[in-house]
Amino acid sequence: MTHKIPVSIIVPTYNRAAVLQRTLRSIENQSHDAGDIFVIDDGSTDDTETLVKTEFPRVKYIYQQNLGVSAARNTGILNSKGHWLAFLDSDDEWLPDKIGQQLALIAKDSSTRVCHTEEIWIRNGTRVNPMKKHAKSGGWIFDHCLALCAISPSSVIIHRSVFEKIGVFDETLPAGEDYDLWLRITSSYPVSFINEPLIIKYGGHDDQLSRKYWGMDRFRIKALKKILDQGELSLDNENATRKTLVKKARVYLNGARKRNKLDEVEYYQSLCQIYAD
């Protein structure tokens, strides 16, 4: 029975009191009572604490110094008890049957350890259609995860044993932490997919990490190098990862040359030489 499956929901946030209410209401409005809800406040200086404690007494509020979204999610993982973990970014929202449909799938297929869903994109208040390269899928999708982030954190539900095997979010990555996690997960697990939009992702606002950092691919390159250096990929996955790393490094290298970043030019040239061999 799905109601017996314990789920903990983890919402990392930083100075988003203005939209956090919408996010938390979408959890309250779930057709299935998912279990514990954690808001991990990563050093907010706005009214986040007051909002949560006043309007959402069921939510477990944890404040920490500003350490980044990976550290906030990891704090939630550490403090939660559910066998299943669901994440919801504080600028996104779930549609009412999101958790219910995922738990129904899990109940039917006991081998499932990771499940994500289709999504709706809203940019600057307008619904947009994702490009073909952003198409979601299930199964053994490691290849699909190499080019870009192929799973949205807000759509996923993950069994705790997955983190025990492959580790948690990489706190050394200021961005691209989800890309890194999906590489590690999809190299070891097939992914279940519900081909129905069950989350709404909002974009276009100034505090998105993709707007904060120039050259986002440098974080993906670091993740690719890390998983290669671990030496645990299958031969096919290793070869595909090497090709992707070199491709991304060459693109980034061109950008570093234009910006006269000489130290980075030398580093990415060496990466291309090492992993192209």
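Above this text is the structure in question.
Remember, predicted model here, so these are calculated numbers, not experimental data.

(A) Layout of helix α7 (residues 177-186). Counted residue by residue, α7 has 10 buried out of 10 residues, so it is predominantly covered. Every buried residue of α7 is accounted for by Glu 177, Asp 178, Tyr 179, Asp 180, Leu 181, Trp 182, Leu 183, Arg 184, Ile 185 and Thr 186.

(B) Structural detail: the pairing of strand β9 (residues 192-203). Where strand β5 (residues 93-94) lies against β9, 2 bridges are found, and the strand directions are antiparallel. Its bridge partner being in β9, Glu 93 is matched across the sheet by Ile 200. Pairing geometry for strand β6 (residues 114-123) and β9, over 9 bridges, is parallel. Paired with Ile 120 across the strands is Ile 200, a residue of β9.

(C) Focus on the nonpolar core. Ranked by internal contacts, the top residues of the largest apolar core, which has 45 residues, are Phe 87, Ile 158, Leu 183 and Ile 185. Counting 27 residues, the second largest nonpolar core, distinct from the first, contains Ile 9, Leu 20, Val 52 and Ile 194.

(D) Spotlight on the layout of surface pockets. In this structure, the second largest pocket occupies an estimated 180 Å³ of space. If you trace the second largest pocket, you find it lined by Lys 165, Ile 166, Arg 184, Ser 187, Ser 188, Ile 227, Gln 230, Glu 232 and Leu 233.

(E) Spatial organisation of the packing of aromatic side chains. Scanning the entire structure with this criterion turns up 5 aromatic pairs. Arranged with centres 5.6 Å apart and planes meeting at 80°, the rings of Phe 87 and Phe 169 form a pair that is edge-to-face. Separated by 82 residues along the polypeptide, Phe 87 in strand β4 (residues 84-87) and Phe 169 in the loop between α6 (160-166) and α7 bring together distant segments of the chain. Accessibility classification places Phe 87 together with Phe 169 in one group, the buried group.

(F) Examining the environment of Val 19 more closely. Within the fold, Val 19 resides in helix α1 (residues 17-28). Measuring from C-alpha to C-alpha, the distance between Val 19 and Ser 90 comes to 7.0 Å, with 71 residues separating the pair along the chain. Setting aside its immediate chain neighbours within four residues, Val 19 contacts Ser 90 and Asp 91.

(G) Up close: the side chain of Ser 192. Its place among the elements puts Ser 192 in strand β9. With relative accessibility at 16%, the residue Ser 192 sits in the buried group. At 3.3 Å, the side chain of Ser 192 forms a polar contact with the side chain of Thr 112. Ignoring any residue separated from it by four or fewer positions in sequence, one finds Ser 192 in contact with Leu 105, Thr 112, Val 114, Cys 115 and His 116.

What counts, and where the lines are drawn
Residues numbered from 1 in each chain as written. Predicted model: local features only at pLDDT ≥ 70, side-chain atom pairs only at ≥ 80, totals over all residues. Heavy atoms only, no water. Buried < 20%, exposed > 50% of the residue type's maximum accessible area, 1.4 Å probe, protein only. Helix = DSSP H or I, 4+ residues; strand = E, 2+ residues; numbered from the N terminus. Pairing = 2+ DSSP bridges. Core = buried A, V, L, I, M, F, W, Y, C linked by side-chain atoms within 4.5 Å. 1 Å grid on protein atoms, 1.4 Å probe; cavity = no way out; pocket = protein on both sides within 12 Å on 5 of 7 lines; lining within 4 Å. Points joined across faces, edges and corners; volume = space filled by probe spheres on them. Phe/Tyr/Trp six-rings, centres within 6.5 Å; stacked < 30°, edge-to-face > 60°. Contact = heavy atoms within 4.5 Å. Polar contact = N/O pair within 3.5 Å; in protein donor to acceptor, adjacent residues only side chain to side chain.

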